[in-house]
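Summary of structural features
If you want the building blocks of each chain, they are given just below.
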Amino acid sequence: MNICRRNMYSKKFGRLMFGLCTRCSTSVVTAATISTSHRTAVRLTSVCKHRMHFLERRSQIGLEHARVRCSSQTTVDPNEVKRFQLLASKWWNEQGEFAALHSLNDLRVPFIRDNLLNAHGRGQPGKPLAELRILDVGCGGGLLTEPLGRLGACVLGIDPVADSIGIAEVHAWHDPDVRDNVRYRSITLEELSEKGGQGAGQFDAVVASEVVEHLAQLETFALCCNQVLKPGGSLFITTINKTRLSYALAIVAAEEVLHIVPRGTHDWDKFVCPVELERLLESHGFHVDSVRGMLYNPLSGAWKWTENTSVNYALHAVKLKEDTSPDDDDDPIVVVAQEKARRWYN
Ligand SMILES: C[S@@+](CC[C@H](N)C(=O)[O-])C[C@H]1O[C@@H](n2cnc3c(N)ncnc32)[C@H](O)[C@@H]1O
């Protein structure tokens, strides 16, 4: 009986002590989190130390965990791949389904060239983008990849649709001005950007023109773009705003009435407004440098720049030199750990 009671009390005492210790270690973390001025006075339990060390390591290795997420999630929507698979033979027909993309080069090529020249200065005469490495994500048949290669850049075009890549390769091979400067691969952005992959931190610029409105996931796209760019590298996006006017023009008029692009090419739910895209990019280590409206005239087939971004727009963002991963920004424990890690490693 006595032994039983002693056991009971010792268990109660044990639970009480365990509870106090647990609460104590929690309050240590909380104190460390909210009271930076008293941080040095805080004694960490071994559990806390372990967690802090983990977080410090995590902040040191930057987007390491983001890479893991990149490779485990995908930007690919299988329905989009099927849709573009059916159109793969049409890329180079200037009067066909992709006519508007051919003429869009009049705006997007100078937009990319001039922003890169501002950032990197002039290259060789006639080859202003020489020495620069550009990744063209969702390159299709290479309509934009080729002119960028002609400006002297080394351009890698990637697309999940293997038939489009085949068409792009054959087309580039016939042009000696382009052949040496462009390469194509049927691979996804997330595969290319995987940890230890060939794409990580390799590119001076990433271009995704008329692509983001076809992706399954924008967050993975933003993470992977950050991953493949060099610090200070440029991201160029052209896409469609999410407004009533864009529904009327890009879907009803362009697809259903004028048949400028095939019916079902666009899904309004996937359109993204500039503010939302800016917010997403800024939370993934980018600074948005400029956003410009573009206007298509279906009668002339020509594009022009406009102040109005309510239908089509182009965006230029720059990867910040010091990476911060999205989740870490808001996590006070990580902020503390980052500060501590900076003191240790500097
Ligand atoms: C409207 S086309 C634009 C092609 C090219 N960027 C141009 O402007 O000429 C959209 C392209 O995005 C590609 N695409 C679809 N899903 C993609 C993904 N998850 N990653 C990369 N490209 C994708 C399609 O195969 C297609 O080639």
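Data block above holds the structure.
These notes cover the structure that comes with them. All figures in this text were calculated on a predicted structure; none of them were measured in a lab.

Rules behind the numbers
- Here, residues in each chain are numbered from 1, in the same order as that chain's written sequence.
- With the structure being a predicted model, the display of local features is reserved for residues of pLDDT at least 70 and the display and counting of side-chain atom pairs for 80 or more, all residues being used for whole-chain, interface and lining totals.
- With hydrogens and water set aside, each side-chain value is computed from the structure's full complement of heavy atoms.
- Aromatic pairing here means that ring centres of Phe, Tyr or Trp (its six-membered ring) are within 6.5 Å. Orientation follows from the plane angle: under 30 degrees is stacked, over 60 is edge-to-face, and everything else is tilted.
- Classification of residues uses two cut-offs on accessible area relative to the type maximum, computed with a 1.4 Å probe and protein chains only: under 20% is buried, over 50% is exposed, and between them is partly exposed.
- Starting at the N terminus, helices and strands are each numbered in turn, a helix being any DSSP run of H or I of at least four residues and a strand any DSSP run of E of at least two.
- In this tally, Lys and Arg are treated as positive and Asp and Glu as negative; His is ignored, and so are the chain termini.
- Here, a salt bridge means any side-chain nitrogen of Lys or Arg that lies within 4 Å of a carboxyl oxygen of Asp or Glu.
- Counted as a polar contact is a pair of N or O atoms within 3.5 Å, where, for protein atoms, one must be capable of donating a hydrogen and the other of accepting one, and residues adjacent in sequence contribute only when both atoms are in side chains.
- The contact criterion used throughout is that any non-hydrogen atoms of two residues lie within 4.5 Å.
- For the purposes of this section, nonpolar cores are sets of buried Ala, Val, Leu, Ile, Met, Phe, Trp, Tyr and Cys residues that join through side-chain atoms within 4.5 Å.

**Some remarks on the packing of aromatic side chains**
The description of an aromatic ring pair rests on the distance of the ring centres and on the angle between the ring planes. Taken as a whole and judged by the stated rule, the model has five aromatic pairs. Centre to centre, the rings of tryptophan 91 and phenylalanine 98 are 3.8 Å apart; their planes meet at 5°, and the pair counts as stacked. The exposure class of tryptophan 91 is buried, given its relative accessible area of 6%. Accessibility expressed as a relative area gives 6% for phenylalanine 98, which makes it buried. Measuring from ring centre to ring centre gives 4.9 Å for tyrosine 296 and tryptophan 303, while their planes differ by 50°; the resulting arrangement is tilted. Among the residues examined, tyrosine 296 registers a relative accessible area of 21% and is labelled partly exposed.

**Overview of the side chain of glutamate 213**
The residue glutamate 213 is located in the loop between strand S4 (203-209) and helix H10 (218-228) in this model. Of the buried charged residues, glutamate 213 lacks a salt bridge, with arginine 108 as the closest side chain of opposite charge at 8.8 Å. For glutamate 213, the side chain forms a polar contact with the side chain of threonine 239, separated by 2.7 Å. When near neighbours in sequence (up to four residues on either side) are disregarded, glutamate 213 contacts Glu80, Thr238, Thr239, Ile240, His266, Lys270 and Phe271.

**Examining the nonpolar core**
Of all hydrophobic cores here, the largest spans 30 residues; its most connected members are Leu135, Leu189, Leu235 and Leu281. With five residues, the top contributor of residues to this core is H10. Discounting residues that sit within four places of it in the chain, leucine 135 has contacts with Leu156, Ile158, Leu189, Leu192, Phe203, Ala205, Val206, Val207 and Val228. Val109, Leu132, Ile165 and Met294 belong to the second-largest nonpolar core, a separate cluster that totals 29 residues.

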